[in-house]
Amino acid sequence: MAKYMLLIYGNEQEWATMTAEEILSLDDGHAAFVAAAGSAVLSSHQLEPGGTATTLHGDPAGRATPTDGPFLETKEGLGGYYVVEASDLDRAIAMAQRLPELKMAHCAVEVRPIVDVG
């Protein structure tokens, strides 16, 4: 089985203005996703907003300089992820299509294979 990362992107301002009912609906959608995917979900986490990130920039001498915030300033931020196992990319995409964010116009889900080093 291959491993895939399902990266959930969306407009952080839209997420921040969600009502309690909208948040509950989103949470219910994720619970349904996890229930349907079962043991194929290896890990997942919601992330704090991009403004809480620290980005390290390196130089040829190997020194790292930290800066506040994400590397790129965009309207869409990375809000969370799932690591899943699937037989192939088509199956991983089928799983990702069940994520509730795909019912929101400001969101997108990226499906990316994880390199198998074993």
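The structure reproduced in this document is the subject of the present report. (Residues numbered from 1 in each chain as written. Predicted model: local features only at pLDDT ≥ 70, side-chain atom pairs only at ≥ 80, totals over all residues. Heavy atoms only, no water.)

Okay, the layout of surface pockets next. Roughly 490 Å³ of internal volume is contained in the largest pocket. As for the largest pocket, its lining consists of 21 residues, of which Trp15, Leu26, Gln46, Gly79 and Glu101 are closest to the centre. Of all the secondary-structure elements, those providing two or more residues to the lining of the largest pocket are helix H1 (12–16), helix H2 (20–37), strand E2 (41–46) and strand E5 (76–86). In terms of residue count, E5 provides more of the lining of the largest pocket than any other element does, 5 residues in total. In terms of residue class, the lining of the largest pocket is built from 11 nonpolar, 6 polar and 4 charged. (1 Å grid on protein atoms, 1.4 Å probe; cavity = no way out; pocket = protein on both sides within 12 Å on 5 of 7 lines; lining within 4 Å. Points joined across faces, edges and corners; volume = space filled by probe spheres on them. Helix = DSSP H or I, 4+ residues; strand = E, 2+ residues; numbered from the N terminus. Nonpolar A, V, L, I, M, F, W, Y, C, P; charged D, E, K, R; others polar.)

A few words on H2. Every α-helix winds through 3.6 residues per turn, so residues three or four apart in the chain are directed the same way. Between the first and last C-alpha of H2 there are 26 Å, a value that for 18 residues agrees with the 26 Å anticipated at 1.5 Å per step. If you check which residues of H2 are buried, you get Leu26, Gly29, His30, Phe33 and Ala37. All buried residues of H2 lie within an arc of 95° about the axis, which places them on one face of the element. The exposed residues of H2 that point more than 90 degrees off its buried face are Ala20, Glu21, Leu24 and Ala35. In the stretch just after H2, glycine 38 is the one whose phi turns positive, near 60°. (Expected span 1.5 Å × (residues − 1). Buried < 20%, exposed > 50% of the residue type's maximum accessible area, 1.4 Å probe, protein only. Arc of directions from axis to C-beta.)

Attention now goes to the sheet that holds strand E1 (residues 2–11). Here we have 4 strands laid out as an open sheet, ordered E2-E5-E1-E6, and antiparallel in their pairing. At either end of the open sheet lies a strand with only one pairing partner, and these are E2 and strand E6 (108–113). Here the strands of the sheet are splayed against their neighbours by 20° on average, with no regard to which way each runs. Helix-sheet contacts for H2 involve E1, E2 and E5, and the interaxial angle to E5 is about 20°. (Pairing = 2+ DSSP bridges. Axes fitted to C-alpha atoms, helices over the stretch in contact; angles between N-to-C directions. Contact = heavy atoms within 4.5 Å.)

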